[in-house]
Amino acid sequence: MSTVTTTRFSVLDRSRIREGQAGPQALRDTVGFARRIEELGYHRFWVSEHHGVPGVAGSAPTVFAAAVAAATSTIRVGTGGVMLPNHQPLVVAEQFGVLESLFPGRIDMGLGRSVGFTDGVRRALGRDKQDAEDFPRLLAELLGYFEGPRTAQPQVHARPAEGLRVPAFVLATGKGARTAAEAGLPLVIAAVRGEDAMLRAIEEYRRDFRPSAWGERPYVVLSGTVAVARTTEEAHRLLIPEAWSTAYSRTRGEFPELPSVDTVLATGMTDRERSLFEDALRGHLYGTEDEVAAGLERLLARSAADEYLVTTSTYDSDALLDSYRRLAALAGLQPA
């Protein structure tokens, strides 16, 4: 049996704003998109947290997750993720306690260690880059509000979270993998530093995993872009808007609205922009159904991952949905 057809597939949508579109419409589009993803048979639908970013509408993931959960009925809904250093653990516990109470058995708590993308955003949040190093302590405090003991604030009870069990996941690139292992939590990891580095982090996570009340064994979720189309060229074009956005952010400090493919190809680039743009086009799974299936088989075999969280963004929303439809078919997902 194919590894692809025995692996769970899920979706993270970052509510990317397309040129000519307003942020509120991008949020409403994501809710509608979640309904289509549920119909296609995907396992989870997660939303993200970004602050002060022109090209990303989602800034309040727990609020947004409530809207998505209310508009769907069977798919698991969660965050990919709440950036814990930006928040007080008590408040995060309360928010997820409310979500789980309203949508029992469908909520996931994806947690990351990043802080605001720019100095200005970090100042507005009352945080700095070093706060990311406090992630393990914040995570332990947050989980304690659900299960106890509450060593940080023993007299404080997070209601209605206390006694509930909301599955928690750690989003990681490097250090977060160790935190996930020590906490006994599932790991969500992307090949940000390359596939070999990712696989080493997964190996270390499995080696160091400590069973906990939150997980008896390691659970690995790979995260990345997958683009499927009728031809390899069409699939490659799906990658272009986000690749340009990434290059733009690394030269100007902010993610812009997603431009069309034609706009990107007509844009003059400096040598540095061109180099960053081409780098951003590498390392993704794209192509026809057969090409993507073969790539997924290789990656899943190397990683022995339990799940794949697809994070594809592009300008053409119809082509994006078609890509997810083709991926669902080759993965053997069961339509709702």
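First, a word on scope: everything that follows refers to the structure included in this document. (Residues numbered from 1 in each chain as written. Predicted model: local features only at pLDDT ≥ 70, side-chain atom pairs only at ≥ 80, totals over all residues. Heavy atoms only, no water.)

**Considering the overall build of the chain**
Formally: Think of it this way: any DSSP run of H or I at least four residues long counts as a helix, any run of E at least two long counts as a strand, and we number them from the N terminus. Here the globule rule reads 2.2 Å times residues to the power 0.38, and the radius of gyration is calculated from C-alpha atoms. Exposed residues in this analysis have more than 50% of their type's maximum accessible area, buried residues have under 20%, and partly exposed residues fall in between, with area computed by a 1.4 Å probe over protein chains only. Note on contacts: a residue pair is in contact if any heavy atoms of the two residues lie within 4.5 Å. In this description, accessible areas are obtained by the Shrake-Rupley approach with a 1.4 Å probe, and a residue is regarded as covered only by the protein chains that are shown. Positive charges come from Lys and Arg, negative ones from Asp and Glu, while His and the chain ends are left out of the count. A charged residue contributes its charge at one atom only: NZ of Lys, CZ of Arg, CG of Asp or CD of Glu.
For the chain, the count of helices and strands is twelve helices and eleven strands. A compact globule built from 336 residues should have a C-alpha radius of gyration of about 20 Å, and the chain, at 19 Å, falls within 12% of that. Projected onto its principal axes, the C-alpha coordinates of the chain cover approximately 60 × 50 × 40 Å. Counting across all 336 residues of the chain, residues that qualify as buried make up 52%. Considering only residue pairs separated by 6 or more positions, the chain has 74% of its internal contacts joining residues 24 or more positions apart. Total accessible area computed for the chain in this model is approximately 15000 Å², and 49% of it derives from carbon and sulfur atoms. Taking the average location of the 38 positive side-chain charges in the chain and that of its 43 negative ones, the two points are 3 Å from each other.

**Digging into the environment of Leu333**
Along the chain, the position of Leu333 falls in the segment after α12 (317-330). On a C-alpha basis, the gap between Leu333 and Gly41 in space is 5.3 Å, while along the polypeptide they are 292 residues apart.

**Some thoughts on helix α2 (residues 61-71)**
We count it as follows: Picture the helix axis, draw a direction to every C-beta atom, and the arc is the one those directions span.
Where α2 is concerned, the buried positions are Pro61, Thr62, Phe64, Ala65, Val68 and Ala69. Projected down its long axis, α2 carries its buried residues within an arc of 155°, all on one side. Along α2, the residues that are exposed and aim more than 90 degrees away from the buried face are Val63 and Ala70. Contacts from the buried residues of α2 go to α1 (23-40), β2 (44-47), β3 (76-79), β4 (82-83), α3 (89-102) and β5 (107-112).

**Considering the packing of α1 against α2**
Quick reminder of the rule: Axis definition: a line fit to C-alpha positions, over the contact stretch in the case of helices; interaxial angles, taken between N-to-C directions, run 0 to 180 degrees. With respect to orientation, any angle under 35 degrees is reported as roughly parallel, any angle over 145 as roughly antiparallel, any angle of 65 to 115 as roughly perpendicular, and every other angle as oblique. Working rule for handedness: look at the near helix, and if it is turned counterclockwise from the far one by less than a right angle, call the crossing left-handed; if clockwise, right-handed. Each residue is assigned to one of three groups, with Ala, Val, Leu, Ile, Met, Phe, Trp, Tyr, Cys and Pro labelled nonpolar, Asp, Glu, Lys and Arg labelled charged, and all others, Gly among them, labelled polar.
Between α1 and α2, whose axes approach to 9 Å, the crossing angle comes to 40°. Here α2 runs oblique to α1, going by the angle between their axes. When you trace α1 past α2, the crossing you get is right-handed. Of α2, the residues touching α1 (which contributes Leu27, Thr30, Val31, Ala34 and Arg35) are Phe64, Ala67, Val68 and Ala71. Among the residues forming the contact of α1 with α2, the class breakdown is seven nonpolar, one polar and one charged.

**Observations concerning the pattern of salt bridges**
What counts here: The term salt bridge refers to a side-chain nitrogen of Lys or Arg lying within 4 Å of a carboxyl oxygen of Asp or Glu.
Inspection of the entire model under this criterion finds 21 salt bridges. Of the charged contacts in the structure, one is a salt bridge between Asp134 and Arg137, with a shortest N-O distance of 2.7 Å. Given a relative accessible area of 45%, Arg137 falls into the partly exposed group. A salt bridge links Glu289 to Arg326; the shortest N-O distance between them is 2.9 Å. Within this pair, whereas Glu289 is found in helix α11 (residues 289-303), its partner Arg326 is found in helix α12, the two being separated by 37 residues in sequence. By relative accessible area, Glu289 is classed as partly exposed at 26%.

**A closer look at the side chain of Ser323**
Examined against the element boundaries, Ser323 turns out to sit in helix α12. The contact partners of Ser323, leaving out residues within four places of it in the chain, are Val226, Ala227, Val228 and Leu238.

**Some remarks on the nonpolar core**
Most often, soluble globular proteins have nonpolar side chains that are buried together. Condition: Think of a nonpolar core as a cluster: buried Ala, Val, Leu, Ile, Met, Phe, Trp, Tyr and Cys residues, connected wherever their side-chain atoms sit within 4.5 Å.
Counting residues in hydrophobic clusters, the biggest one holds 73 residues, and the most contacted among them are Phe9, Tyr42, Leu222 and Leu296. When residues in this core are grouped by element, the largest group, seven residues, is from helix α5 (residues 135-147). Ignoring any residue separated from it by four or fewer positions in sequence, one finds Phe9 in contact with Val4, Tyr42, His43, Arg44, Leu296, Tyr308, Val310, Leu327, Ala331 and Leu333. In this structure, Ala243, Trp244, Met269 and Ala280 belong to the second largest nonpolar core, which totals 14 residues.

**Looking at the pairing of strand β1 (residues 8-13)**
What counts here: Strands pair, by our definition, only if DSSP identifies at least two bridges between them.
By the criterion of burial, β1 is predominantly enclosed, with five of the six residues buried. Pairing of β1 with strand β11 (residues 307-310), which is carried by four bridges, proceeds in the parallel orientation. The residue bridging Ser10 from the neighbouring strand is Leu309, located in β11. One ladder, built from three bridges, connects β1 with β2; its direction is parallel. Paired with Leu12 across the bridge in β2 is Trp46.

**Let's talk about the packing of aromatic side chains**
Let me state the cut-off plainly: The criterion for an aromatic pair is that two Phe, Tyr or Trp rings (for Trp, the six-membered ring) have centres within 6.5 Å, with stacked assigned to planes under 30 degrees apart, edge-to-face to planes over 60 apart and tilted to the rest.
Within this structure, the stated rule accounts for eight aromatic pairs. Residues Phe146 and Trp214 carry aromatic rings whose centres are separated by 6.0 Å and whose planes lie at 90° to one another, so their mutual orientation is edge-to-face. One end of the pair, Phe146, is in helix α5; the other, Trp214, is in the loop between α7 (195-208) and β8 (220-224), with 68 residues separating them in the sequence. Measuring from ring centre to ring centre gives 6.1 Å for Trp244 and Tyr248, while their planes differ by 75°; the resulting arrangement is edge-to-face.

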